Amino acid sequence: MKNTAQIMWSGKYIQAIKDGRWEYVSRPNNISAAVIIAIDNGYILLVEQYRVPIGKNCIELPAGLVGDIDASEDILIAAGRELEEETGYKAERLVNLGEYYSSPGMVSESFNLVRAHGLTKVSDGGGVDDENITVHRIKLDQVQNFISTKQADDVAIDGKIYMLLCAEFLKSE
């Protein structure tokens, strides 16, 4: 198949591409993301922050860009850095659970799902610069209630959160 991709617009972190009839968004320079599942003694760490594209706060798993500062950055190094910046927890061990795509019909960006083990609280977290992240440490058996309450308060929920709820959804069948 002939590559007809044209970059229609490009910024520092995102670019719009047209390839034949397809239009999609991509990350320039092989920038990807790491999404972290951080479970500590029966509690999961979630973050909440304002997201400009949707115009409201969103509940998410801790995450961040890989390769945005140094193109050769290791995924696990980036995941550890982002976990600590966002949540204030440092992981003793990080395991890459593989590469996934969140919306492959519109975005070419992938993310690596990383599991954090052996967590130690080292700071308050909250992110860097103007991220203004709120950290939530939620009991695993209370995640569904927490999410439902946040949705009722008009807080957005990142779709990756639903992998935590899969077992609960399957019980209802």
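Relevant structure appears above.
All figures in this text were calculated on a predicted structure; none of them were measured in a lab.

Novice: Hey, could you run me through the sheet that holds strand β2 (residues 15-19) in this one?
Specialist: In any sheet, the strands associate via hydrogen bonds between backbone groups, in a parallel or an antiparallel arrangement. Overall, antiparallel pairing links the 3 strands, which are arranged β1-β2-β3 in an open sheet. The sheet is open, and its two edges are formed by β1 (6-10) and β3 (22-26), each paired on a single side. The sheet shows a mean angle of 25° between the axes of neighbouring strands, taken without regard to direction. As paired strands, β1 and β2 are joined by 4 bridges and run antiparallel to one another. Across the sheet, the residue bridging to Q6 is K18, located in β2.

Novice: How do you make sense of helix α2 (residues 143-152) when you look at a structure like this?
Specialist: Two residues of an α-helix separated by three or four positions point the same way, owing to the 3.6 residues in each turn. Residues of α2 that are buried: V143, F146, I147 and K150. Down the axis of α2, the smallest arc covering the buried residues is 95°, so these residues share one side.

Novice: Where do I start with helix α1 (residues 75-87) in this structure?
Specialist: For α1, spanning 13 residues, the distance from its first C-alpha to its last is 18 Å, which sits close to the expected 18 Å at 1.5 Å a residue. Turning to α1, its buried residues number three or more, namely A78, A79, E82, L83, E86 and T87. One side of α1 carries all its buried residues, which in axial view fall inside an arc of 135°. Of the surrounding elements, those touching the buried residues of α1 are β4 (32-40), β5 (43-51), β7 (63-66), β8 (89-101), β9 (110-121) and β10 (134-139). Capping the start of α1 is the job of one residue whose side-chain oxygen sits 2.9 Å from the backbone nitrogen of L76: D74. Two residues or fewer after α1 comes G88, characterised by a positive phi angle close to 85°.

What counts and how
- Residues numbered from 1 in each chain as written.
- Predicted model: local features only at pLDDT ≥ 70, side-chain atom pairs only at ≥ 80, totals over all residues.
- Heavy atoms only, no water.
- Pairing = 2+ DSSP bridges.
- Helix = DSSP H or I, 4+ residues; strand = E, 2+ residues; numbered from the N terminus.
- Axes fitted to C-alpha atoms, helices over the stretch in contact; angles between N-to-C directions.
- Buried < 20%, exposed > 50% of the residue type's maximum accessible area, 1.4 Å probe, protein only.
- Arc of directions from axis to C-beta.
- Expected span 1.5 Å × (residues − 1).
- Contact = heavy atoms within 4.5 Å.
- Polar contact = N/O pair within 3.5 Å; in protein donor to acceptor, adjacent residues only side chain to side chain.

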